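Tertiary structure, described
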Amino acid sequence: MTSQEQTPLFTGLVNHMNRNPIQFHIPGHKKGVGMNPDFRAFIGDNALGIDLINIEPLDDLHHPQGMIKKAQELAAEAFSADYTFFSVQGTSGAIMTMVLSVCGPGDKIIVPRNIHKSVTTAIIFSGATPVFIHPEVDKELGISHGITPEAVEKALSANPDAKGVLVINPTYFGIAADLKRIVGIAHSFEVPVLVDEAHGVHIHFHNDLPLSAMDAGADLAATSVHKLGGSLTQSSVLNLREGLVSHERVQSVLSMLTTTSTSYLLLASIDAARKHLAVNGQALIDETIHLANLTRDAINRIPNLYCVGSEILGSEATFDYDPTKLIISVKNLGLTGYDVEGWLRKHYRIEVELSDMYNILCIITPGDKKKETEALVEALDKLAWERSGYAIQKSVPVKIPEIPLLSMSPRDAFYADTEVIPFLEASGRISAESIMVYPPGIPIFIPGEIITAENIRYIQENLKTGLPVQGLEDETLHSIRVIKEHKAFR
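Now for a description of the structure that goes with this document. (Residues numbered from 1 in each chain as written. Predicted model: local features only at pLDDT ≥ 70, side-chain atom pairs only at ≥ 80, totals over all residues. Heavy atoms only, no water.)

1. Some details on helix α5 (residues 90-102)
Of all 13 residues in α5, 12 are buried; the element is thus mostly enclosed. For α5, the full list of buried residues reads G90, T91, G93, A94, I95, M96, T97, M98, V99, L100, S101 and V102. (Buried < 20%, exposed > 50% of the residue type's maximum accessible area, 1.4 Å probe, protein only. Helix = DSSP H or I, 4+ residues; strand = E, 2+ residues; numbered from the N terminus.)

Okay, here's the thing in structure tokens:
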């Protein structure tokens, strides 16, 4: 048996369960006996039998010395990392750990404007100051791609004291920038590269997919195993290449953000998923890519639909792509992506990963077979013929306002005294909230930025065209929370 065929954590938990110890420790359901019997019957005794706590024989995620340590070492070997840390706080917890491991109050971090909200949260927690780069926007699809090496070099030249560069690779839609070149540029400034690899756990295990963060030489990568790697929801890994960032620092920060009641079900699922990817990933992903390409070709034979393929490549921000992500443009049907999502749900019981004004996104994984993809093609074909009389050639009105001035750090803005005012009267005020329009999914402003009349006009224009605006506490968008202004006494 090769080392990657071993599952020290999963196997250790099963062996412990089979010894049937008398448990005078939490969880209080005691292998399911003390819980609602309907739920116990549904979940099953095997799952409940390994729903355990960090007693000595089972190791401790906060200070791994035994089976968890062995499982993490095998994962590091599989991902070509120096160290791999398991996360039961999802990839959001791993992303926050990356930022907090390199940034403190007042430190700069270079980030794309289309960051996940966990990055904004980490910036608030750390007290860091973001230096934003606009991602490349696709004017045909109305979505954001990656950031270019040239933009990273400009940002670092202007901010050589930055503590990190964060890159999304690949994006939610499966598009990858030239990560290796970005890493080389950042390292020439001795600045670490942090990668949000939430949508790329599988790319490390197949040569026909974009380069993984560790293979590109990145320093840290938050890699979601549950999204596309076969583990349970909320389980993730944080991969580290040591040099510019120490593993002791990362372990310390991750421990601060992690519950002390770590789920062994989640941890065991990471261990088992790692084995499956390392041992069978190449063959499984071969089949998945083949199935995705067959599906893409079939969709592209349907009138007024377009499923993106390798023709999207060519710019610095679209350096590579993941063919298992099916970006399906529906704009020429005279429907929004939201409309199509609802129609598929109602008429075919099909659920998509994402929809926006112009597209739906469907992901193909080793869990899919021809039966499922043929149902998708059949449904889309039916919809296209139903809509044939409404077909239009629609352009995507994509424009991005300038990034506002950052008047105070997001952390200071988050903790400042605030007041709620009418949204249309907010020009010139400092926002205490974030707001974005999707697509293309880029924040218009975040806490600490000065709201401009241009911002307000842009948001109003998007509301008129039906684009969803998200982020404010007041979902009606009539009011916004801003930093309170203290007037002098007379």
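2. Considerations on the packing of aromatic side chains
Describing an aromatic ring pair means giving the distance of the ring centres and the angle of the ring planes. Following the criterion strictly, the structure yields 4 aromatic pairs and no others. Ring centres of F79 and F205 lie 5.3 Å apart, and the angle between their planes is 70°; this geometry places the pair in the edge-to-face category. One end of the pair, F79, is in the loop between α4 (67-78) and β1 (83-87); the other, F205, is in the loop between β8 (193-197) and β9 (220-223), with 126 residues separating them in the sequence. F79 gets classed as buried once you look at its relative accessible area, which sits at 4%. Relative to Y348, the ring of W343 has its centre 5.7 Å away and its plane inclined at 35°; by these criteria the two rings are tilted. Exposure remark for W343: the relative accessible area of 13% places this residue in the buried category. Since its relative accessible area comes to 24%, Y348 is described here as partly exposed. One Lys or Arg, R387, reaches over the ring of Y390 and ends 4.1 Å from the middle of that ring. (Phe/Tyr/Trp six-rings, centres within 6.5 Å; stacked < 30°, edge-to-face > 60°. Lys NZ or Arg CZ within 6 Å of the ring centre and 35° of its normal.)

3. What to know about the pattern of salt bridges
Inspection of the entire model under this criterion finds 12 salt bridges. Between R274 and D271 there is a salt bridge; the shortest N-O distance is 2.9 Å. With R274 and D271 both in helix α11 (residues 264-299) and 3 residues apart, the pair spans about one turn of that helix. By the burial criterion, R274 is buried, and D271 matches it. The partner of E485 in a salt bridge is R429, with the nearest N and O atoms 3.2 Å apart. (Salt bridge = Lys/Arg side-chain N within 4 Å of Asp/Glu carboxyl O.)

4. Digging into the side chain of S355
Residue placement: S355 occurs in strand β14 (residues 354-355). With relative accessibility at 10%, the residue S355 sits in the buried group.

5. Let's talk about the sheet that holds strand β11 (residues 306-307)
Strand order in the open sheet formed by 4 strands is β11-β13-β15-β14, with antiparallel pairing between adjacent strands. One side of each edge strand has no neighbouring strand; the edge strands of this open sheet are β11 and β14. Note that β11 and strand β13 (residues 325-329) share 2 bridges and pair antiparallel. Looking at the pairing, Y306 lines up with S329 of β13. The strands that helix α12 (residues 337-348) touches are β14 and β15 (359-363); relative to β15, the one it contacts most, it runs at about 50°. (Pairing = 2+ DSSP bridges. Contact = heavy atoms within 4.5 Å. Axes fitted to C-alpha atoms, helices over the stretch in contact; angles between N-to-C directions.)

6. Some words on the packing of α5 against helix α10 (residues 247-257)
A pair of packed helices is characterised by two quantities: the angle between their axes and the separation of those axes. Two numbers describe how α5 lies on α10: the axes approach to 9 Å, and their chain directions differ by 130°. Considering the angle they form, α5 stands oblique to α10. Of the two elements, α5 crosses α10, and the hand of that crossing is right-handed. Here G93, M96, T97, L100 and S101 of α5 lie close against α10, whose contacting residues are R249, V250, V253, L254 and L257. Here the residues of the contact of α5 with α10 sort into 6 nonpolar, 3 polar and 1 charged. (Parallel < 35°, antiparallel > 145°, perpendicular 65-115°, else oblique. Left-handed = near helix turned anticlockwise from the far one by under 90°. Nonpolar A, V, L, I, M, F, W, Y, C, P; charged D, E, K, R; others polar.)

7. Digging into the pairing of β1
Along β1, 4 of the 5 residues are buried, which leaves the element largely enclosed by surrounding structure. Alignment of β1 against strand β10 (residues 236-240), held across 5 bridges, turns out to be antiparallel. Along β10, the bridge assignment pairs F85 with L238.

8. Comments concerning the layout of surface pockets
Considered as a void within the structure, the largest pocket measures approximately 1200 Å³ in volume. Forming the walls of the largest pocket are 43 residues, and the residues nearest its centre are N114, I115, H116, K117 and M436. Of all the secondary-structure elements, those providing two or more residues to the lining of the largest pocket are α5, α6 (117-126), α9 (225-228), β14 and β17 (435-437). Per-element tally for the lining of the largest pocket: the top contributor is α6, with 5 residues. When its residues are assigned to classes, the lining of the largest pocket shows 21 nonpolar, 17 polar and 5 charged. What the second largest pocket holds in volume is close to 420 Å³. Along its surface, the second largest pocket is lined by 16 residues, and I350, E351, I363, D368 and E372 are the ones closest to its centre. Sorting the residues of the lining of the second largest pocket by element identifies β15 and α13 (370-386) as the ones contributing at least two each. (1 Å grid on protein atoms, 1.4 Å probe; cavity = no way out; pocket = protein on both sides within 12 Å on 5 of 7 lines; lining within 4 Å. Points joined across faces, edges and corners; volume = space filled by probe spheres on them.)

9. Quick look at empty space enclosed by the protein
Empty space among the atoms becomes apparent when a probe as large as a water molecule is rolled across them. Counted by the stated rule, this structure contains 2 cavities of 30 Å³ or more. Taken as a whole, the largest cavity encloses approximately 50 Å³ of empty space. Lining the largest cavity are L61, H62, Q72, F85, F86, Q251, L254, S255 and T258. The dominant element in the lining of the largest cavity, judged by the number of residues it contributes, is α10, at 3 residues.

10. Comments concerning the sheet that holds β17
The pairing of strands in a sheet happens through backbone hydrogen bonds and is either parallel or antiparallel. Pairing is antiparallel in the open sheet, where 3 strands are placed in the order β18-β17-β19. The open sheet terminates on both sides in strands that have one partner only, identified here as β18 (442-445) and β19 (469-470). This element, helix α15 (residues 453-464), spans β17, β18 and β19 of the sheet and lies at about 130° to β18.

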